[in-house]
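Here's the letter readout for the chains.
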Amino acid sequence: MIIAVDGPTASGKGTIARALADHFGLPVLDTGLLYRAVGYQTQLGHGDPDNAADALAACDFPDTLLDDPALRYESTGGLASRVSIHPAVRKALFQRQVDFANQPGGAVLDGRDIGTVIAPHADAKLFVTASPEERARRRHAEMRARGVDVTYDAVLADVHARDARDTGRADAPLLRADDALLLDNSDMDIDEAIAAAIAFVETKVGRPG
Ligand code: C5P
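Small disclaimer: the values here were computed from a predicted structure and weren't measured.

How each quantity is defined
- Residues numbered from 1 in each chain as written.
- Predicted model: local features only at pLDDT ≥ 70, side-chain atom pairs only at ≥ 80, totals over all residues.
- Heavy atoms only, no water.
- Helix = DSSP H or I, 4+ residues; strand = E, 2+ residues; numbered from the N terminus.
- Rg over C-alpha atoms; globule rule 2.2 N^0.38 Å.
- Buried < 20%, exposed > 50% of the residue type's maximum accessible area, 1.4 Å probe, protein only.
- Contact = heavy atoms within 4.5 Å.
- Core = buried A, V, L, I, M, F, W, Y, C linked by side-chain atoms within 4.5 Å.
- UniProt positions renumbered as here; feature names shortened; annotations may be inferred.

1. Some details on the overall build of the chain
Here is step 1: Helices and strands together make up the secondary structure of the chain, namely 9 helices and 5 strands.
Here is step 2: Each helix (α) and strand (β) of the chain, taken in turn from the N terminus, gives the series β-α-β-α-α-α-α-β-α-β-α-α-β-α.
Here is step 3: Relative to the 2.2 N^0.38 estimate, which gives 17 Å for 209 residues, the radius of gyration of the chain is 17 Å and therefore close to what a compact globule would have.
Here is step 4: Across the 209 residues in the chain, those meeting the buried criterion constitute 49%.
Here is step 5: Nonlocal contacts in the chain, meaning residues at least 24 apart in sequence, comprise 77% of its contacts between residues at least 6 apart.

2. Some words on the nonpolar core
Here is step 1: If you look at the biggest cluster of nonpolar residues, it comprises 29 residues, and the most contacted ones within it are Val-38, Phe-61, Leu-66, Leu-71, Val-89, Leu-93 and Leu-109.
Here is step 2: Counting residues per element, the ones that place at least two in this core are β1 (2-6), α2 (31-44), α4 (74-83), α5 (87-101), β3 (107-111) and α6 (114-118).
Here is step 3: It is α2 that provides the largest number of residues to this core, a total of 6 residues.
Here is step 4: Core analysis: the next-biggest nonpolar cluster, separate from the first, contains 20 residues, Val-5, Ile-16, Ala-19 and Leu-126 among them.

3. Regarding the UniProt feature "domain: Cytidylate kinase" (unreviewed entry) in the chain
Here is step 1: Here, the residues flagged by UniProt with the feature "domain: Cytidylate kinase" (unreviewed entry) are residues 3-201.
Here is step 2: Taken end to end, residues 3-201 has its terminal C-alpha atoms 8 Å apart, with 53% of it in helix and 11% in strand.

This is the structure:
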């Protein structure tokens, strides 16, 4: 069984994907982490994330990089969104994601193009979103709790910039698949959003045995 979870930055899709994986006993892949690794590796090699050749060279990153806490930084998210525009980068990361999705027993993947490009044949697809203001509010609160000194307005500007890049790119833009459930959780807390996601997937694939 394959479950595809797509959505914009700070929508809660990662938390929902992990909860679904837990509930259905499936492995989970945060595909954003792969793009973050490429963005970070480009920077480590003093390359330019807007240059396709530099970003492609960074697709050879060592797997140990995936455990680096620096991948979680906001600044790395920005680098990821810049390298992910290049078709050559998307192509280089394609097979790894397809293989993960198609492993025996199935998997949960979260990202931007899982239901549209990586696993169009997924058994259940969700498009998780919330208003830009709500996503910025949550991210701002989370960053302040971690001690990061940042204003709400700066976080909102970053959310808008990431949305514009992710939806505006020509190759595999952020897009709701026709057959994906739209889960707008602007007015839900995370537990309600997880419950709604589980209920939807169960209508598609049944309850875990
Ligand atoms: O989900 P996360 O914020 O970690 O993703 C970082 C960036 O990687 C996104 O802004 C997006 O540009 C890119 N990405 C993508 N396709 C995916 C996952 C992430 O283009 N499947």
